[in-house]
Amino acid sequence: MANKNGFTLWLTGLSGAGKSTLALDLKNKLLERGVEIELLDGDEVRTNLSKGLGFSKEDRDTNIRRIGYVSRLLARNGVGVISAAISPYREVRDEVRAETEKDGAAFIEVFVKCPIDVLAQRDVKGLYKKALAGEIKEFTGVSDPYEEPLGPEITVETDRETVDESARKIIAGLERLGLLNESGKLGDLNYNLAAGRR
Ligand code: ADP
């Protein structure tokens, strides 16, 4: 398939780690640089594309496969896609990666990392308190698994970095991988799979 230079920036991490916040900030920063961007936010997808799905492993996998499918269609048509969903299972993330790369687009896994005690303190959505009190079954990181990425292209540590710092780190990663040229537009895709993973 002709390579139209799209990419998928796949943010994965626990609830409250900063995926949605970073996705929005990145979207604005990349739009300013003239990159065509589409955002797929996990919470939003669950209210439309994945409405009715729950939090069993099967439903989570289905949700991620759907997001992966849409992001792949966009990326192979030259769009820069930002996905912001917990995506707790390694195998399905890797599956989405393989499908994306098969279509000639780049897949950049970004681990949005934050220790659980900081998340429990932040408790953006008030869910950790309940989960830690045993009131929520299947809560990722507390009563449900989260499999950390083994070789993410980029890792941000949101307990130590400001939103702006984390977003800049991700953009620097895109530059390093040759996905943005100097004027900021999507570059000629000289994305190097071998050099890609750090
Ligand atoms: P998620 O989408 O992963 O569930 P949210 O983006 O909804 O998480 O919430 C993350 C919270 O953490 C926000 O209140 C945000 O302001 C805060 N935060 C602090 N530092 C960072 C950072 N470096 N990157 C992203 N979010 C951060």
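Here the structure is a predicted model, which means the values were calculated and not measured.

Got a minute to help me understand the site of the ligand in this structure?
Close to the ligand lie 17 residues; Gly16, Lys19, Ser20, Thr21 and Glu161 are nearest. Within the contact set of the ligand, an oxygen atom lies 3.2 Å away from a backbone nitrogen or oxygen of Ala17. Arg122 is positioned with one of its side-chain polar atoms (N or O) 3.2 Å from an oxygen atom of the ligand. Those elements that place two or more of their residues in the shell around the ligand are helix H1 (19–32) and helix H7 (163–176). When residues in the shell around the ligand are grouped by element, the largest group, 4 residues, is from H1.

Sorry, what's going on with the environment of Val35 here?
Checked against the element boundaries, Val35 lands in the loop between H1 and strand S2 (37–41). C-alpha separation for the pair Val35 and Gly78, spaced 43 residues apart in sequence, amounts to 9.7 Å.

Please explain the sheet that holds strand S1 (residues 7–12) as it appears in this structure.
Consider a sheet: its strands pair through backbone hydrogen bonds, and that pairing is either parallel or antiparallel. Read from one edge to the other, the open sheet built from 5 strands follows the order S2-S3-S1-S4-S5, with strand pairing classed as parallel. Looking at the sheet topology across the chains shown, the edges are occupied by S2 and strand S5 (154–157). Ignoring which end each strand starts from, the neighbouring axes of this sheet average 20 degrees apart. Note that S1 and strand S3 (residues 80–84) share 5 bridges and pair parallel. For Phe7, the partnering residue across the bridge sits in S3 and is Gly80. Packing of H7 onto the sheet brings it into contact with S1, strand S4 (106–113) and S5, and relative to S5 it is tilted by some 170 degrees.

Teacher, can you tell me more about the packing of H1 against H7 here?
Between two packed helices, both the angle of their axes relative to each other and the distance between the axes serve to describe the pair. As a packed pair, H1 and H7 sit with axes 9 Å apart at the nearest point and diverge in direction by 60 degrees. The angle between H1 and H7 places the two elements in the oblique class. With respect to the hand of their crossing, H1 and H7 are arranged in right-handed fashion. Facing H1, whose interface residues are Thr21, Leu22, Asp25, Leu26, Lys29 and Leu30, H7 presents Val163, Asp164, Ser166, Ala167, Arg168, Ile170, Ile171 and Leu174.

I keep staring at the environment of Gly54 and nothing clicks. Help me out?
Mapped onto the elements of the fold, Gly54 is located in the loop between helix H2 (42–45) and helix H3 (57–75). Contact partners of Gly54, with chain neighbours within four places excluded, come to Arg46, Asp59 and Arg60.

Help me understand the pattern of salt bridges in this model?
Two side chains that carry opposite charge are able to pair once their charged atoms sit near each other. Going through the model one piece at a time under the given rule, you end up with 19 salt bridges. With its nearest N and O atoms 2.9 Å apart, the salt bridge here joins Arg33 to Glu175. In this pair, Arg33 sits in the loop between H1 and S2 while Glu175 sits in helix H7, placing the two residues 142 residues apart along the sequence. Among the salt bridges present, the one from Asp164 reaches Arg168, with a minimum N-O distance of 2.8 Å. Placement of both Asp164 and Arg168 in helix H7 is noted, with a separation of 4 residues, approximately one turn of the helix. Using a relative accessible area of 33% as the deciding quantity, one classes Asp164 as partly exposed. Sharing partners across several salt bridges, the network here consists of Arg72, Arg76, Glu99, Lys102 and Asp103.

Quick notes on the rules
Residues numbered from 1 in each chain as written. Predicted model: local features only at pLDDT ≥ 70, side-chain atom pairs only at ≥ 80, totals over all residues. Heavy atoms only, no water. Near = heavy atom within 4 Å. Polar contact = N/O pair within 3.5 Å; in protein donor to acceptor, adjacent residues only side chain to side chain. Helix = DSSP H or I, 4+ residues; strand = E, 2+ residues; numbered from the N terminus. Pairing = 2+ DSSP bridges. Axes fitted to C-alpha atoms, helices over the stretch in contact; angles between N-to-C directions. Contact = heavy atoms within 4.5 Å. Parallel < 35°, antiparallel > 145°, perpendicular 65-115°, else oblique. Left-handed = near helix turned anticlockwise from the far one by under 90°. Salt bridge = Lys/Arg side-chain N within 4 Å of Asp/Glu carboxyl O. Buried < 20%, exposed > 50% of the residue type's maximum accessible area, 1.4 Å probe, protein only.

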